[in-house]
Amino acid sequence: MDIDDILASVDHADVSNPESTALDHQLLTRFWVAERSVPELLPWPARLMDRMMERVRQQIETIEDLAAASSDPTSTTASSSSQNATLTLSILQTDLSRTQYLLRSLLRQRLSKITKHSMHYLLSTSSSAPIPSPASGSTEAKLQQPEDSVPIPPEPLPRTCALSPSEATFLYTHQQLLARHFGASFLSSFPAQLRRLDDNAGGTSMVQGPDKREVVFVRCVAEEVSVLAPPEQGVSEEEILGGTMRMGDVWVVRWEGVKHAWERGDVEVL
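Asker: What is the right way to look at the overall build of the protein chain in this model?
Answerer: Scanning the protein chain from N- to C-terminus turns up eight helices and five strands. Listing the helices and strands of the protein chain from first to last along the sequence gives α-α-α-α-α-α-α-β-β-β-β-α-β. Across the 270 residues in the protein chain, those meeting the buried criterion constitute 35%. Relative to all contacts within the protein chain whose residues are 6 or more apart in sequence, the contacts with residues 24 or more apart total 74%. In the structure as shown, the protein chain presents an accessible area of about 16,200 Å², 54% of it carried by carbon and sulfur atoms.

Asker: Just checking my understanding: could you explain the nonpolar core for this structure?
Answerer: For soluble globular proteins, the rule of thumb is that nonpolar side chains tend to be buried together. With 31 residues, the main nonpolar core has Val218, Trp255, Val258 and Trp262 as its most contacted residues. For this core, the elements supplying multiple residues, two or more each, are α2 (21-37), α3 (46-70), α4 (79-116), β1 (215-220), β2 (224-229), α8 (255-264) and β5 (267-269). Here the element with the most residues in this core is α4; it accounts for six residues. The residues contacting Val258, other than those within four sequence positions of it, are Val216, Val218, Val227, Val253 and Val267. Counting residues in hydrophobic clusters, the runner-up holds 16 residues, among them Val150, Ala168, Leu171 and Leu187.

Asker: Sorry if this is basic, but what is going on with the packing of aromatic side chains here?
Answerer: Here the distance between the centres and the angle between the planes together describe a pair of aromatic rings. Here the structure, examined in full by the defined rule, presents four aromatic pairs. Within the aromatic cluster, the residues linked to one another by ring pairs are Phe182, Phe186 and Phe190.

Quick notes on the rules
Residue numbers here run from 1 along each chain, matching the order of that chain's written sequence. The model is predicted, so local features are restricted to residues of pLDDT at least 70 and side-chain atom pairs to those at 80 or more, both for listing and for counting; the totals for chains, interfaces and linings are taken over all residues. Side-chain metrics rest on all non-hydrogen atoms present in the structure, leaving aside hydrogens and water. Note on conventions: DSSP H or I runs of at least 4 residues are helices, E runs of at least 2 residues are strands, and numbering of each starts at the N terminus. Categorising residues by exposure relies on relative accessible area from a 1.4 Å probe, with only protein chains included: less than 20% of the type maximum marks a residue as buried, more than 50% marks it as exposed, and the intermediate range marks it as partly exposed. Residue contacts are counted whenever heavy atoms from the two residues lie within 4.5 Å of one another. Each accessible area is a Shrake-Rupley result for a 1.4 Å probe, and residues are judged covered by the shown protein chains and nothing else. In this text, buried Ala, Val, Leu, Ile, Met, Phe, Trp, Tyr and Cys residues form a nonpolar core when linked through side-chain atoms within 4.5 Å. Only rings of Phe, Tyr and Trp enter the pairing, Trp through its six-membered ring, and a pair is recorded when the two centres are within 6.5 Å. The plane angle decides the type: under 30 degrees is stacked, over 60 is edge-to-face, the rest tilted.

See below:
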């Protein structure tokens, strides 16, 4: 019996279906690599994370049961069976540590991106456009506080939102505390119309998002993939930029040029 057989023997799911342990570990590892490489927050893989967390819970229970059985002084288990149980326990603990490392590293990377561009992601969860800054001297301007400019995430979150519900709650609370700190520290001395954290007066927005023009290493896993230039000012449609990738090609390209290809599963981020 090898390590894969031992892991499969304690897995409650059918290893032949798409939700098998080996496939989910592969998907989690690929998503972790992509999250660490791309500049923006990737869509939260809700179903994958639910399955992984359920497996972690079941594996912890299995480890606790095996540890309790192996330490039972009244057990009459044979010596060879006891050694097999100890080996199984060691392998399960190692596999659990691997999974927990991936989950912790993934969540830390996402939290780093969320807190770095907090207002950008909060505004992206709101279906409405940013509220314009009130005119100077108006009643709304006199009552304006920095925390008033922090949008409340809608419930439920829109399908296009990259945040999970827990991340959205954390992000709103974090930005509220940050806005109050800024207000108490220095924004309270500013004119009321300049206290907003999403001020866009003069056509210049204070909210900075991730730089989608950063480069990433990608491998083409489809027959061919075109590297696209997204629409910009003066250009209404996407344009093909830099040629076409073929199956197995590894390129260094801007993230904005292959983002949609990654979403379709045509490229893999390295």
